[in-house]
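# Reading the structure
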Amino acid sequence: MGNGVRIHHGVDLVYGYNLKIGDGVTIRQGVLLNDRGGITIGKGAVIGSFARVYSQTYAPDDYDHATLVPTVIGERARIGSHAIVLAGHTVKPGEAVGAFPADGS
């Protein structure tokens, strides 16, 4: 866990120990972080309200077998409210995923 991390209320961590969070990250209310396969969130990233970030996937013909794949949210990346980041994806530094409101600057 980095310095200056802000985690709002109602955030759900599936495990909580397969998670790396960089400095200055903001995780807004109601976010689900399914860190079973590992999630890395880079410095200064923002995850919008009620977003979902996964690190496991299933074959459509075998829901009893999970495949664990790390997911990476890059530095200063923005995940929009209610957006879903599927297992194994890498969100590039500074990239926005889903609708993200203007920051007012």
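Structural data are supplied above this passage.
Quick summary incoming for the structure in this document. All residue numbers refer to position in the chain's written sequence, counted from 1. Predicted model: local features are reported for residues with pLDDT of at least 70 only, side-chain atom pairs are reported and counted for 80 or more only, and whole-chain, interface and lining totals are derived from all residues. Side-chain metrics in this entry use all non-hydrogen atoms of the structure; hydrogen atoms and water are not considered.

Okay, the overall build of the chain next. Along its length, the chain carries zero helices and 15 strands. Radius of gyration: C-alpha atoms only; globule rule: 2.2 Å multiplied by the number of residues to the exponent 0.38. Against the globule reference of 13 Å for 105 residues, the chain gives a C-alpha radius of gyration of 13 Å, in line with a compact fold. With respect to the three principal axes, the spread of C-alpha positions in the chain is 50 × 25 × 25 Å. Of all 105 residues assigned to the chain, the portion counted as buried reaches 35%. At a minimum sequence separation of 6, the contacts of the chain that also span at least 24 residues come to 24%. Each accessible area value is a Shrake-Rupley result obtained with a 1.4 Å probe; residue values ignore everything except the protein chains displayed when judging cover. Total accessible area on the chain stands at roughly 6100 Å², and carbon and sulfur atoms take up 51% of it. Elements are defined by DSSP. Helices are runs of H or I of four residues or more, strands are runs of E of two residues or more, and each kind is numbered from the N terminus. Burial classes: relative accessible area under 20% of the type maximum marks a residue as buried, over 50% as exposed, and values in between as partly exposed (1.4 Å probe, protein chains only). By definition, residues are in contact when any of their heavy atoms lie within 4.5 Å.

Before going further, it helps to examine the sheet that holds strand β2 (residues 12-13). Note on pairing: DSSP must find at least two bridges between two strands before they are called paired. Read across the sheet, four strands follow the order β2-β5-β8-β13 without closing on themselves; strand pairing throughout is parallel. Strands at the two margins of the open sheet, each flanked by one partner only, are β2 and β13 (84-85). Two elements, β2 and strand β5 (residues 32-34), share two bridges in a ladder whose sense is parallel. The residue bridging Asp-12 from the neighbouring strand is Leu-32, located in β5.

Here the idea is simple: oppositely charged side chains can pair when their charged atoms come close. Salt bridges are defined as contacts in which a side-chain nitrogen from Lys or Arg sits within 4 Å of a carboxyl oxygen from Asp or Glu. Counted under the stated rule, the structure contains one salt bridge. Arg-76 is the partner of Glu-75 in a salt bridge, and the nearest nitrogen-oxygen pair spans 3.6 Å. For Glu-75, a relative accessible area of 35% translates into the label partly exposed.

In this section: unusual backbone geometry. A negative phi angle is the norm for most residues apart from glycine, just as the trans form is the norm for most peptide bonds. Not every positive phi belongs to a glycine, and Arg-76 is a case in point at roughly 60 degrees. Counting through the fold element by element, Arg-76 comes out in the loop between β11 (71-73) and β12 (78-79). In this structure, His-82 takes a positive phi of about 70 degrees despite not being glycine.

Our focus in this paragraph is the side chain of Thr-71. Topologically, Thr-71 is positioned in strand β11. Judged by relative accessible area, Thr-71 falls into the buried class, the value being 0%. Among all residues touching Thr-71, those that are not within four sequence positions of it are Gly-38, Ile-39, Thr-40, Val-53, Tyr-54, Ser-55, Val-85, Leu-86, Ala-87, Gly-88 and His-89.

Another aspect to go through is the pairing of strand β10 (residues 62-68). Here four bridges tie strand β9 (residues 56-59) to β10, and the two strands are oriented antiparallel to one another. Paired with Gln-56 across the two strands is Leu-68, which belongs to β10. A loop of two residues connects β9 with β10, the two strands running antiparallel in sequence.

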